[in-house]
Amino acid sequence: MVRTASALHILVKDKELAQDIIAKLKKGAQFDVLAKKHSTCPSGKKGGSLGEFKKGQMVGPFDKVCFNGELFTPHLVKTKFGWHVVKVLYRS
């Protein structure tokens, strides 16, 4: 059973910006560069890295993507904090 995951994320206020970031990533933009430029989360300074975290540690919709979403694919997630572009690196 999967207990931990590691992910990168970029937190922004509006959906349009999040969708634009995903489009840039699909064209080959570097995740860490976009995180440093756009993310309103303190993790943006670290390229969006959240490190490793346990299942249930993040808010519901975010947690669901991290533990069920496709690896290395940018996902759009809405939470009470705003819009997240999430890239799951691994699960263990």
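## Digging into the nonpolar core
Across soluble globular proteins, you tend to see nonpolar side chains buried next to one another.
Here is step 1: Counting residues in hydrophobic clusters, the biggest one holds 12 residues: Leu8, Ile10, Val12, Ala18, Ile21, Ile22, Leu25, Phe31, Leu34, Ala35, Trp83 and Val85.
Here is step 2: Listed by contribution, the elements that provide at least two residues to this core are β1 (4-12), α1 (15-26), α2 (31-38) and β4 (82-91).
Here is step 3: With 4 residues, α1 is the single largest residue contributor to this core.
Here is step 4: Those residues in contact with Val12 that lie beyond four places of it in its chain are Leu17, Ala18, Ile21, His38, Thr40, Gly82 and Trp83.
Here is step 5: Core analysis: the second largest hydrophobic core is formed by 10 residues, Ala5, Cys66, Val77 and Val88 among them.

## Focus: the pattern of salt bridges
Here is step 1: The full count for this structure, using the stated rule, is 1 salt bridge.
Here is step 2: We note a salt bridge from Lys24 to Asp20, for which the minimum N-O separation is 3.3 Å. Of this pair, Lys24 and Asp20 are both found in helix α1, 4 residues apart, which corresponds to roughly one turn of the helix.
Here is step 3: Overall, Asp20 belongs to the partly exposed group, its relative accessible area being 34%.

## Considering the packing of aromatic side chains
Here is step 1: Inspection of the entire model under this criterion finds 1 aromatic pair.
Here is step 2: When the ring of Phe53 is compared with that of Phe67, the centres are 6.2 Å apart and the planes differ by 85°; the resulting orientation is edge-to-face. One end of the pair, Phe53, is in strand β2 (residues 49-54); the other, Phe67, is in helix α3 (residues 60-68), and 14 residues separate them in sequence.
Here is step 3: What makes Phe67 buried here is its relative accessible area of 7%.

## Quick look at α1
Here is step 1: For α1, built from 12 residues, the straight-helix expectation of 16 Å at 1.5 Å per residue is met to within 8% by its first-to-last C-alpha distance of 17 Å.
Here is step 2: Buried within α1 we find Ala18, Ile21, Ile22 and Leu25. All buried residues of α1 lie within an arc of 100° about the axis, which places them on one face of the element.
Here is step 3: Each element contacted by the buried residues of α1 is listed here: β1, α2, β3 (75-79) and β4.
Here is step 4: Where α1 terminates, the next one or two residues include Gly28, which has phi positive at roughly 105°.

## Some details on the sheet that holds β2
Here is step 1: Spatial ordering of the open sheet is given by β2-β1-β4-β3, a layout of 4 strands whose pairing is antiparallel. The outermost strands of the open sheet, each flanked by one partner alone, are β2 and β3. Between one strand axis and the next, the sheet turns by 40° as a mean value, whatever way the strands run.
Here is step 2: Both β1 and β2 contribute to a ladder of 4 bridges, which runs antiparallel. Bridge pairing in β2 links Leu8 to Ser49.
Here is step 3: Running over the sheet, α2 touches β1 and β4 and is turned about 45° from β1.

Rules and cut-offs
- Residues numbered from 1 in each chain as written.
- Predicted model: local features only at pLDDT ≥ 70, side-chain atom pairs only at ≥ 80, totals over all residues.
- Heavy atoms only, no water.
- Core = buried A, V, L, I, M, F, W, Y, C linked by side-chain atoms within 4.5 Å.
- Buried < 20%, exposed > 50% of the residue type's maximum accessible area, 1.4 Å probe, protein only.
- Helix = DSSP H or I, 4+ residues; strand = E, 2+ residues; numbered from the N terminus.
- Contact = heavy atoms within 4.5 Å.
- Salt bridge = Lys/Arg side-chain N within 4 Å of Asp/Glu carboxyl O.
- Phe/Tyr/Trp six-rings, centres within 6.5 Å; stacked < 30°, edge-to-face > 60°.
- Expected span 1.5 Å × (residues − 1).
- Arc of directions from axis to C-beta.
- Pairing = 2+ DSSP bridges.
- Axes fitted to C-alpha atoms, helices over the stretch in contact; angles between N-to-C directions.

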